[in-house]
Amino acid sequence: MPPTTTLLERLLRDPRRLTRVTHVETVPPREGRVAPWPDWIPELVQSRLHAAGVQAPWVHQAAAADHAWQGRSVVVATGTASGKSLAYLLPVTAAAIQGQATALYLSPTKALAGDQLRALRALTLTQVRAATYDGDTPPAERDWVRAHANVVLTNPDMLHHSLLPSHARWAPFLRRLRFVVVDECHGYRGVFGSHVAQVLRRLRRVAGRYGSTPVFVLASATVSDPASTAVRLIGQDVVEVTDDGSPRAGLQFALWEPPFSELAGEHGAPVRRSATAETGDLLADLVIEGVRTVAFVRSRRGAETVALAARRAATDADPALGRRIAAYRAGYLAEERRALERALQDGSLLGLASTNALELGVDVSGLDAVVIAGWPGTRASLWQQAGRAGRAGRDALAVLVARDDPLDTYVVHHPASLFGQPVEAAVLDPDNPYVLAPHLCAAAAELPLTDDDLDLFGPSARGQLDDLVRRGLLRHRPAGWFWTKRERAAALADLRGTGGPPVRIVEAATGRLLGSVDAAAAHTSVHRGAVYLHQGDSYVVQALDLGDSVALVEPANPDWTTSARDLTDIAIVETSRTLAANGASVHFGTVDVTNQVVSFQRRRIVSGEILGEEPLDLPPRQLRTRGVWWVLDEEVLSGTAIDAADLPGAAHAAEHASIGLLPLFATCDRWDIGGVSTALHPDTGRLTVFVYDGHPGGAGFAERGFTRAQEWLGATRSAIEDCDCAAGCPSCVQSPKCGNGNEPLDKPGAIRLLDALLGALLGRSA
Ligand SMILES: [Zn+2]
Ligand SMILES: [Zn+2]
């Protein structure tokens, strides 16, 4: 082929594909910039790094390492494969070699901690005694780690359940604790992130009692204003380092929208070809061209479907090629991951379809192309995945394939929302009383809480303590607040869950326990008939027993997915903040939500075609949480000239699309939030549209919606208008979880309502 043909041009040889590309962004290559080694780094460390191929640190590595060494907590927020780990390896190893200092490394997954351990051991520094400490560490080894290790690699769950409650056994380690590394810190968001923020405050307090004030080194993907998120996470000041000095290969980044297919969806709505099918084709075509490609797919099942489709298509072209395409998912052993890395690196494997497990588990860079099937959840993930493509001096390509979802529709039509602006910072809310209260109990069990501790836990700590005393969980004595119960206080806080006993997933025929899901998620994810995925195998739920908190499943291989549909009522408890102008208003506050899962739908995996709907008989669930809602007065409504009969459909359509778009602004998942719309709400007496956090006490998502209301609702309006369908489809106003079966929906009415709302708020009164 002529060298001037880019990878993208090769993909577009089929002229039918031209209209699917909505935008091509050219990301220019960047030269690397190095800094001299800071003078405090021991000769030995330098020479070992030299031997490992590091001639000099990039500027961001040197700057962040230096801040940490000088005792300033620091967050380094730079691109994928920019070598963030060197920023903490330098101070951590230097301190270990000087003796008398320990470091704690926290990662969201065991796999990542294992990788870091390997990297540390590869330096063969005898003074650095590094060890992992997680659920898999045998008891005998735990004793050794506590007594001898000076670099301990663990995760927030272990810190919460094991290390902090038994801090006395860790006294020698904590007394010398100089550095705490928080890796992949942008991943700590929502309820989980809020819990981790409280665990880190408990760590600071316990370390303080042993006389140490550790310096925090946080590593983050590129996000806007990383210091403010880091401050929220650790509760103290942080310096930020964002000037990325690492080199980067150039990249073409294409945004791709699959065409409408022949199939008809709900109410005859047009349905686009699925992102999975489109991605399978692209992966096959790239492999046939000899291009090393990874396709990122959100679900394990989806990854396997893409690999299978690509393998079939590639085999048709050349039987040998099919064998050079594989699927990758979570749960692989370290050796399997290494083998996969090697196979991709040496080219024996050309195509891989993977869940984002690869983001954390496998170190793959230097690919030629990356195909991303559907918005991966956050801009940080998008760049982490796209950043895998690019080798020095070669053409590289990333493609984002839109799914039929309003957010995907919006981003592929609004490239400015992806390119040329920093990634939205993670949202977390450590002050959520449902998060804070159990950690106050855990902290009191670790060491009695005193007045001096209150600042650390934030402004609402005092009120929470009084409440915990009233509820009999804590006792207030002259010396402070005490945990006097026999139970383990740490068990009150479930870092990854949201209250209520988790529902166990049990294989009916064998009694084998496969896993568990949050009580909050059980109704939507393991109802009777739901397809449940475990380690790449699929099961169908036979029965959900809420009394025993167990779901019985059987192995099955249906070619459909399921999605639950729910009905919701909402009442305003308290309005905290209001933005009002010209007969329109947006509010943020506390709401009571009553939610009932009423049915579920089956959809074919590859085509997205709807196969049918079945009713469910589940009890309603009550939730006190935070919500954002907007209200329009009668005069504003009459200005829109929407027929009164069409108002419910217009509000409903606007609600669906706004739920779809909030994740772009609030780093949440569409399933983390819910909504209600009505032409007349009893609490406001007017047309009102609510969006609320799906977790008790809220997770900060609705609050972000309020603070970014104009951008969020403006993007919602654009997403609806940008969709080419006539009367609404899954890419704009239909929702896969609507309890009303996507009825009524009025697409043009939704645009007019949002115009009226935004116009009033911006002062263009109707
Ligand atoms: Zn549409
Ligand atoms: Zn709905």
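Everything in this summary refers to the structure shown in the same document.

Turning our attention to unusual backbone geometry. In terms of backbone geometry, most residues other than glycine have negative phi values and most peptide bonds are trans. Omega for the bond connecting E743 with P744 falls within 30 degrees of zero, at -15°, which places this linkage in the cis form. Mapped onto the fold, P744 is located in the loop between α24 (709-722) and α25 (747-761). Positive phi values are uncommon outside glycine, yet E184 reaches one of about 50°. You can see E184 is positioned in the loop between β6 (177-182) and α9 (190-209).

This part takes up the side chain of T684. As for its position among the elements, T684 is in the loop between β28 (673-678) and β29 (687-693). Sequence-distant contacts of T684, defined by excluding residues within four places in its chain, comprise I572, W629 and V631.

Protein ligation of the zinc ion (ligand 1) involves C723 (SG), C725 (SG), C729 (SG) and C732 (SG), the donor distances falling in the range 2.3 to 2.4 Å. Motif for the zinc ion (ligand 1), donor spacing along one chain: C-x1-C-x3-C-x2-C. Here the two residues C723 and C729 agree in accessibility, since each one is buried.

Below, the discussion takes up the coordination of the zinc ion (ligand 2). Every protein donor of the zinc ion (ligand 2) is accounted for by H652 (NE2), H656 (NE2) and C738 (SG), and the metal-donor separations fall at 2.1 to 2.3 Å. For the zinc ion (ligand 2), all donor residues lie on one chain, and their spacing in sequence is H-x3-H-x81-C. Within this pair, whereas H652 is found in helix α22 (residues 647-666), its partner C738 is found in the loop between α24 and α25, the two being separated by 86 residues in sequence. Residue classification places H652 among the buried residues on the basis of a relative accessible area of 6%. When its relative accessible area of 6% is taken as the criterion, C738 is described as buried.

Let us look at the nonpolar core. Membership of the largest hydrophobic core comes to 84 residues, with the highest contact counts inside it found for F253, L400, V411, W630, L632 and L753. Per-element tally for this core: the top contributor is α22, with 12 residues. In contact with L632, other than residues within four places in its own chain, are G583, A584, L637, R686, L687, L753 and L757.

Glancing now at the pattern of salt bridges. As enumerated under the stated definition, the model contains 32 salt bridges in all. Among the ionic pairs, E278 bridges to R20, the shortest N-O distance being 2.8 Å. Placement of the pair is E278 in helix α11 (residues 275-288) and R20 in the loop between α1 (7-11) and β1 (21-27), with a sequence separation of 258 residues. Residue classification places R20 among the buried residues on the basis of a relative accessible area of 15%.

The next point concerns the sheet that holds strand β7 (residues 215-220). Pairing in this open sheet of 7 strands is parallel, and the strands run β4-β5-β3-β6-β7-β2-β8 from one edge to the other. Unpaired on one side and paired on the other, β4 (130-132) and β8 (239-241) mark the two borders of the sheet. Across this sheet, the average inter-strand angle for adjacent strands is 15°, counted without regard to direction. Sheet analysis places strand β2 (residues 74-77) next to β7, joined by 4 bridges and oriented parallel. Within the sheet, the bridge partner assigned to A77 lies in β7 and is S220.

Moving on, we come to empty space enclosed by the protein. Following the criterion strictly, the structure yields 3 cavities of 30 Å³ or more and no others. Of the voids in this model, the largest cavity is the one considered here, and its volume is about 80 Å³. Listing elements by their share of the lining of the largest cavity, those giving two or more residues are α4 (84-98), β3 (102-106), α5 (110-122) and β5 (151-154). Counting residues per element, the lining of the largest cavity draws most heavily on α4, at 3 residues. The residue makeup of the lining of the largest cavity, split by class, is 9 nonpolar, 1 polar and no charged.

Our focus in this paragraph is the packing of α11 against helix α12 (residues 300-317). At a closest axis distance of 8 Å, the pairing of α11 and α12 adopts a crossing angle of 45°. Judged by the angle between their axes, α11 and α12 are oblique. Note that α11 runs across α12; the crossing there is right-handed. Along its contact with α11, which presents T276, T279, G280, L283, A284 and I288, the element α12 presents G302, T305, V306, A310, A313, A314 and A317. A breakdown of the residues in the contact of α11 with α12 according to their chemical character gives 8 nonpolar, 5 polar and no charged.

Tracing the backbone through its elements, the reader meets V550 in strand β23 (residues 550-555). For V550, a relative accessible area of 12% corresponds to the buried category. Measuring from C-alpha to C-alpha, the distance between V550 and R33 comes to 56 Å, with 517 residues separating the pair along the chain. Excluding residues that lie within four positions of it along the chain, V550 makes contacts with V503, R504, V506, A543, L544 and D545.

Definitions and cut-offs
Residues numbered from 1 in each chain as written. Chains lettered and ligands numbered in written order. Predicted model: local features only at pLDDT ≥ 70, side-chain atom pairs only at ≥ 80, totals over all residues. Heavy atoms only, no water. Helix = DSSP H or I, 4+ residues; strand = E, 2+ residues; numbered from the N terminus. Contact = heavy atoms within 4.5 Å. Donors = N, O, S within 2.8 Å, 3.2 Å for Na, K, Ca; no water. Buried < 20%, exposed > 50% of the residue type's maximum accessible area, 1.4 Å probe, protein only. Core = buried A, V, L, I, M, F, W, Y, C linked by side-chain atoms within 4.5 Å. Salt bridge = Lys/Arg side-chain N within 4 Å of Asp/Glu carboxyl O. Pairing = 2+ DSSP bridges. Axes fitted to C-alpha atoms, helices over the stretch in contact; angles between N-to-C directions. 1 Å grid on protein atoms, 1.4 Å probe; cavity = no way out; pocket = protein on both sides within 12 Å on 5 of 7 lines; lining within 4 Å. Points joined across faces, edges and corners; volume = space filled by probe spheres on them. Nonpolar A, V, L, I, M, F, W, Y, C, P; charged D, E, K, R; others polar. Parallel < 35°, antiparallel > 145°, perpendicular 65-115°, else oblique. Left-handed = near helix turned anticlockwise from the far one by under 90°.

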